[in-house]
Amino acid sequence: MIGPERSLTPVAIDTALLKKNPMHPFEAAGSGYLALTTEGGANRVYKAGLNHFVRLAGGEVIDDKGQAWRITEESLDGPGGETRPREPARRTFWFAWFAQFRDTILVK
């Protein structure tokens, strides 16, 4: 879940969706993001900027121009030294989150 400190409206993504789609691009608060899920089930969210990522290939994501971006804990590292930062996100129970942030957008 991306918390309210980083966007106007919090966004929550169902873990079942992320398990089926280990690479999930989405928009929130007018910005592009990329949620990635490891084989072990860990979720990470990165700011995508204007990049459109289309494929997950091992430890990299490929953008629509065919360029590979290396996945790290802190960022997506792309061509020419470009980076896209990892965003604060947390994994929590929906009922607990929703009790505090009723305006959350739930993506299923």
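Structure first, text after, so check above.
Right, let's walk through the structure included here. None of the values given here were measured: they were computed from a predicted structure.

Parameters and conventions
- In every chain, residue numbers begin from 1 and rise along the written sequence.
- Under the rules for a predicted model, residues below a pLDDT of 70 receive no local features and side-chain atom pairs below 80 are neither given nor counted, while totals for whole chains, interfaces and linings still include all residues.
- Side-chain figures throughout are based on the complete set of non-hydrogen atoms in the structure, without hydrogens or water.
- Strands are labelled as partners when DSSP assigns at least two bridges between them.
- Numbering of helices and strands runs from the N terminus; a helix is a DSSP stretch of H or I covering at least four residues, while a strand is a stretch of E covering at least two.

**Concerning the pairing of strand 2 (residues 23-28)**
Here comes step 1: Of the pairings in the sheet, the one linking strand 2 to strand 3 (residues 31-37) comprises six bridges and is antiparallel in character. Its bridge partner lying in strand 3, F26 is registered against Y33.
Here comes step 2: The hairpin formed by strand 2 and strand 3 contains two residues between the paired strands, and A29 there has a positive phi angle of roughly 50°.

**Remarks on the pairing of strand 6 (residues 60-63)**
Here comes step 1: Where strand 5 (residues 53-57) meets strand 6, four bridges bridge the pair, whose relative direction is antiparallel. For L56, the partnering residue across the bridge sits in strand 6 and is V61.
Here comes step 2: In this structure, the hairpin formed by strand 5 and strand 6 is closed by a connection of two residues, where G58 is found at a positive phi of approximately 65°.
Here comes step 3: Here strand 6 pairs with strand 7 (residues 68-71) via three bridges, running antiparallel. What sits directly across from V61, in strand 7, is W69.
Here comes step 4: Linking strand 6 back to strand 7 in an antiparallel pair, the connection comprises four residues, with G66 at a positive phi of about 85°.

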